[in-house]
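Here's the letter readout for the chains.
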Amino acid sequence: MKRKRNSLESSFMAMASSSSIKTRSNTITMLSEGIYLPDECWESVLKFLIDYDTDDNHRRYFHLKSLSLVSKQLLSVTNRLRSSLTIYYPTCQLFSNLFRRFSNIVSLNLSSYYGDLNDVLIQISHFPLNISSLNLSNQLKIPAKGLRAFSQNIASLTSLICSNIATLYDTDLLLIADRFPFLQELDLSNPTQFKFDRKYVSISAQVFSLALSEIRKVNLSHDNIFFHSLVFYLFKNCKFLKEIIMIDYCKIIKMASVVRKRPTLRSLSNSNFNNTPHFGHFASYFIASLVCLKSLTSLDLFAWKISDELLTSIAREGLPLTKLFLRNCVGYSYNGIFCLLSKCQGMQYLDLQKADFLNDQHVTELSLLLGNLVSINLSKCSMLTESTLFSLISNCPSLIEIKMEWTSIGKESVEKNSSSLMDCRVNYRLKSLYLGHCLELRDETIIMLSSIFPSLQLLDLTSCEFISDEGIDQILKRFCNIRHLSLANCSRVKLLVGMNFEVPKLEVLNLSLTRVDDETLYAISKGCRGLLQLYLENCDCITKKGVKHVVENCTQLREINLRDCHKVPANVSSILFSSLSLRKIVAPPRFHFSERKMKLFSRHGCLISYQSSNS
């Protein structure tokens, strides 16, 4: 008995330390054949193994699928572990089996569903599900009949997302408020058109806000008087409101007295899509309403003309900001942002995109105030070079993500940066680095950076035209944990030099608008067998032969983009049809599936997007 227990402990330790889900699956297979464990034990084991190195749902459910193949018992266990589901095709006849199999679904995404949503929601309402999150985005209209049926039997809904609806009516909002009074999150952003009776705007908005007394988070990103009135009444009547996203705060800026009734508001997001030049005489109202939000931790002002006065007022009031997004904002200076950050030293997320007054010395000084920083966006700050990158790495030990697209990284010589490089310790925390459109970035700089970021998982080099195969070769050798690599529009890249060895963790590869050919795809198919997504848009040198290599050897591939690949013939459909893993295909020109094959792909759960013969 003691020997068996020791064997079990050794097996579990081997699984936990293994970086390969395939190794873990093999170990689990041996365990499941040799011993019996109750479902509850297996559920705990699988949760631990999957969560051990999984940071997104996509990879989590892919790992669940791999483990479900081990035995019928583990298939049953993994079915219960799935909590979210996305449905693309009209497969109503399969819903009975689908929801019996995944009985613990709490999140349902129908945003890409192209059939009749009323029928879907009516069918779903017949099952004893506890769905708490429902996504109905990207539809022509709100499925009112279906929502009525859904609400009769499923009372657990707390999050409803209805963004990008083609035509939204005020009656839709009243229906939602009436049928789902316990909603905590509601997204009604960006309808193409919003139709409402102007005579009853104030009354309807007030009724809506009173009905949704539990609401915490609202997204009303659309510029219309109904939403402006609704924001007013939400502030006035919804005591639990924590987060609001809206457009054109100037239209409702005079409600400062109402905002004071919601001092517990934690997140405010406001976009100026109408390009209002400045707050003008509303500035004092805006500052007064903002600084009274003593619990505000997140402030997002997109494309506004703000002032140093605003930033210093926030600093003076000591708002506990941990997230500040000033993307494309103008009108403020280094003095204003320095004053604010010197008082808000708990900042974790900072977006200063297009703050074109910033230079390397400025960022060095700011970095000394940002010891807790997790993510920073300095894209389109054209004066910044790699000196900024070194300062951030040296002074911000918690950084996980850096965005410095459209900057001057690569402008300084490697010799000039050698001393800065010596001062930089190896950084094991940084996971994502965005350097797209850095037009002076060259192989030497990339090779230099690869020595200090060994744990990098995402690298975006989109449109870095001086990067060549030699630089990519070093990336693939040194970034052993790379999962996402974008080389789109890197005109010198053919990717043959660096593909003579395996890159087992690479999952997303974007080679659109590059010189890759069939030989490259053959190398990729051998060295990147774990690939999940491959983007080859406008790759003029690839043919059916190269696509066949990838589909046959990358057996986990879920998405492939062949848009505008003019040498890939229409009959490539037979090759794509042979794949058991593909779930999304962006097809080449002249591509067409027969109705029979479309139905088969639909049952398989694969979404196909293809160009007409005239495109």
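Residues numbered from 1 in each chain as written. Predicted model: local features only at pLDDT ≥ 70, side-chain atom pairs only at ≥ 80, totals over all residues. Heavy atoms only, no water.

1. Structural notes on the overall build of the chain
Put simply, the rule reads: Each helix is a run of H or I in the DSSP string that is no shorter than four residues. Each strand is a run of E no shorter than two, and both are numbered from the N terminus. Buried, partly exposed and exposed residues are distinguished by accessible area as a fraction of the type maximum, computed with a 1.4 Å probe on protein chains only: under 20%, between the cut-offs, and over 50%, respectively. Pairs of residues are marked as contacts when any of their non-hydrogen atoms sit within 4.5 Å. Where accessible areas are quoted, they stem from the Shrake-Rupley method and a 1.4 Å probe; at the residue level, only the protein chains shown are allowed to cover.
Helix and strand counts for the chain come out as 24 helices and 23 strands. In the chain, which comprises 615 residues, the share counted as buried stands at 53%. Taking the contacts inside the chain whose residues are at least 6 apart along the sequence as the reference set, 72% of them involve residues at least 24 apart. On the chain, roughly 27,200 Å² of surface is accessible, and the fraction owed to carbon and sulfur atoms is 51%.

2. A closer look at unusual backbone geometry
Here the phi dihedral of Asn 328 falls at roughly 65°; this positive angle occurs in a residue that is not glycine. By the element assignment, Asn 328 lies in the loop between β12 (323-325) and α15 (334-343). Judged by its relative accessible area of 22%, Asn 328 is partly exposed. For Lys 380, which is not glycine, the phi torsion reads 65° and is therefore positive.

3. Focus: the environment of Glu 309
Position of Glu 309 among the secondary structure elements: in helix α14 (residues 308-317). Considered as a pair, Glu 309 and Tyr 332 are 23 residues apart in the sequence and their alpha carbons are 8.5 Å apart.

4. Concerning the confidence of the model for the chain
What counts here: On a scale of 0 to 100, pLDDT captures the predictor's confidence in every residue.
With 78% of its residues at a pLDDT of at least 70, the chain reaches an overall mean of 83. Note that pLDDT drops below 50 for residues 1-5; the model gives that stretch 1 contact with residues more than four away or on any other chain. Every residue in residues 15-19 is under pLDDT 50, and counting partners more than four places away or in other chains gives 13 contacts.

5. A look at the environment of Ser 103
Summarising the element assignment, Ser 103 is placed in the loop between α6 (95-101) and β2 (107-109). In this structure the C-alpha to C-alpha distance between Ser 103 and Asn 130, which are 27 residues apart in sequence, comes to 8.8 Å.

6. Some details on the pairing of strand β11 (residues 298-302)
Going by this rule: In short, DSSP must find at least two bridges between two strands for them to pair. Crossover handedness is defined here as right-handed if the route from the first strand over the helix to the second strand goes clockwise, with the strands pointing away from the viewer.
The buried fraction of β11 is high, at 4 of 5 residues. For β11 and β12, the ladder comprises 3 bridges, and the chain directions are parallel. If you follow Leu 299 over to β12, its bridge partner there is Leu 324. Since β11 and β12 lie parallel, the crossover through α14 that links them has a hand, and here it is right-handed.

7. Here we look at helix α19 (residues 443-450)
With 6 of 8 residues buried, α19 lies mostly within the body of the structure. Within α19, the full set of buried residues consists of Asp 443, Thr 445, Ile 446, Met 448, Leu 449 and Ser 450.

8. A word on the packing of aromatic side chains
Applicable threshold: Ring pairs are drawn from Phe, Tyr and Trp, using the six-membered ring of Trp, whenever the two centres fall within 6.5 Å, and their geometry is named by plane angle: stacked under 30 degrees, edge-to-face over 60, tilted for the rest.
Counted under the stated rule, the structure contains 8 aromatic pairs. Ring geometry for Phe 196 versus Phe 226: centroids 5.8 Å apart, planes at 50°, classification tilted. Here Phe 196 is found in the loop between β7 (193-195) and α10 (201-211), whereas its partner Phe 226 is found in helix α11 (residues 225-237), with 30 residues between them in sequence. Residues Phe 232 and Tyr 233 carry aromatic rings whose centres are separated by 5.2 Å and whose planes lie at 85° to one another, so their mutual orientation is edge-to-face.

9. Section: the pattern of salt bridges
Convention followed: Here, a salt bridge means any side-chain nitrogen of Lys or Arg that lies within 4 Å of a carboxyl oxygen of Asp or Glu.
Per the counting criterion, the structure on display carries 8 salt bridges. Between Arg 483 and Glu 507 there is a salt bridge, with the nearest N and O atoms lying 3.3 Å from each other. Taken together, the positions of Arg 483 in the loop between α20 (469-478) and β18 (484-486) and Glu 507 in the loop between β18 and β19 (508-510) put the pair 24 residues apart, joining distant regions of the chain. The salt bridge involving Glu 552 is made with Lys 548; its shortest N-O contact spans 4.0 Å. Taken together, the residues span about one helical turn, with Glu 552 and Lys 548 both in helix α22 (residues 544-553) at a distance of 4 residues. Exposure remark for Glu 552: the relative accessible area of 48% places this residue in the partly exposed category. Salt bridges linked by common partners bring Glu 185, Lys 217 and Glu 243 together as one network.

10. Re α15
Stated precisely, the cut-off is as follows: Working note: the arc is built from the helix axis to C-beta atom directions.
Residues Tyr 334, Gly 336, Ile 337, Leu 340 and Leu 341 constitute the buried set of α15. Each buried residue of α15 lies within a common arc of 165° when the element is viewed along its axis, so the set occupies one face. Those residues of α15 that are exposed and angled more than 90 degrees off the buried face are Asn 335 and Lys 343.

11. Observations concerning the packing of α14 against α15
Operational definition: Geometry is summarised by axes, namely lines fitted to C-alpha atoms with helices restricted to the contacting stretch, and by angles between N-to-C directions that run from 0 to 180 degrees. Should an angle fall under 35 degrees it is taken as roughly parallel, and over 145 as roughly antiparallel, whereas 65 to 115 is taken as roughly perpendicular and any remaining angle as oblique. Ten residue types, Ala, Val, Leu, Ile, Met, Phe, Trp, Tyr, Cys and Pro, are classed as nonpolar, four, Asp, Glu, Lys and Arg, as charged, and the remainder, Gly among them, as polar.
Put simply, α14 and α15 touch, their axes get as near as 8 Å, and they point 10° apart. With respect to α15, the axis of α14 lies roughly parallel. Between α14 and α15, the contacting residues are Asp 308, Leu 311, Thr 312, Ile 314 and Ala 315 on the first element and Asn 335, Gly 336, Ile 337, Cys 339, Leu 340 and Lys 343 on the second. Partitioned by chemical class, the residues of the contact of α14 with α15 number 6 nonpolar, 3 polar and 2 charged.

12. Here we look at the side chain of Glu 405
Put simply, the test is: Positive: Lys, Arg. Negative: Asp, Glu. His and the chain ends are not part of the count.
Inspection of the secondary structure puts Glu 405 in the loop between β15 (401-403) and α18 (414-423). We note that Glu 405 is buried and unpaired, the nearest opposite charge coming from Lys 403 at a distance of 6.2 Å. If we skip the residues at most four places from it in the chain, Glu 405 touches Ser 379, Lys 380, Tyr 434, Leu 435, Gly 436, Cys 438 and Asp 460.

13. Topic: a nonpolar patch on the surface
Heads up, the rule is: Each patch is built from salt-bridge-free residues with over 30% relative accessible area, joining like charges within 9 Å and nonpolar side chains (Val, Leu, Ile, Met, Phe, Trp, Tyr) within 5 Å.
Together, Leu 174, Tyr 200, Ile 203 and Val 207 give the surface a local cluster of nonpolar side chains, amounting to about 350 Å² of exposed area. Structurally, Ile 203 can be placed in helix α10. Given a relative accessible area of 52%, Ile 203 falls into the exposed group.

14. Brief notes about the packing of α19 against α20
Where α19 meets α20, the axes come as close as 9 Å, and the angle between the chain directions of the two elements is 10°. Judged on the interaxial angle alone, α20 and α19 are roughly parallel. For the pair α19 and α20, contact is made by Asp 443, Ile 446, Ile 447 and Ser 450 and by Glu 470, Gly 471, Gln 474, Ile 475 and Arg 478, respectively. For the contact of α19 with α20, the per-class residue count stands at 3 nonpolar, 3 polar and 3 charged.

15. Focus: the side chain of Gln 139
What counts is decided by this rule: Under this definition, polar contacts are N or O atom pairs within 3.5 Å; protein pairs additionally need one hydrogen-donor-capable and one acceptor-capable atom, and for neighbouring residues in sequence, both atoms have to be side-chain atoms.
Within the secondary structure, Gln 139 is located in the loop between β3 (133-135) and α8 (144-153). Judged by its relative accessible area of 10%, Gln 139 falls in the buried class. Here the side chain of Gln 139 touches Tyr 113 through a polar contact of 3.3 Å, landing on its backbone oxygen.

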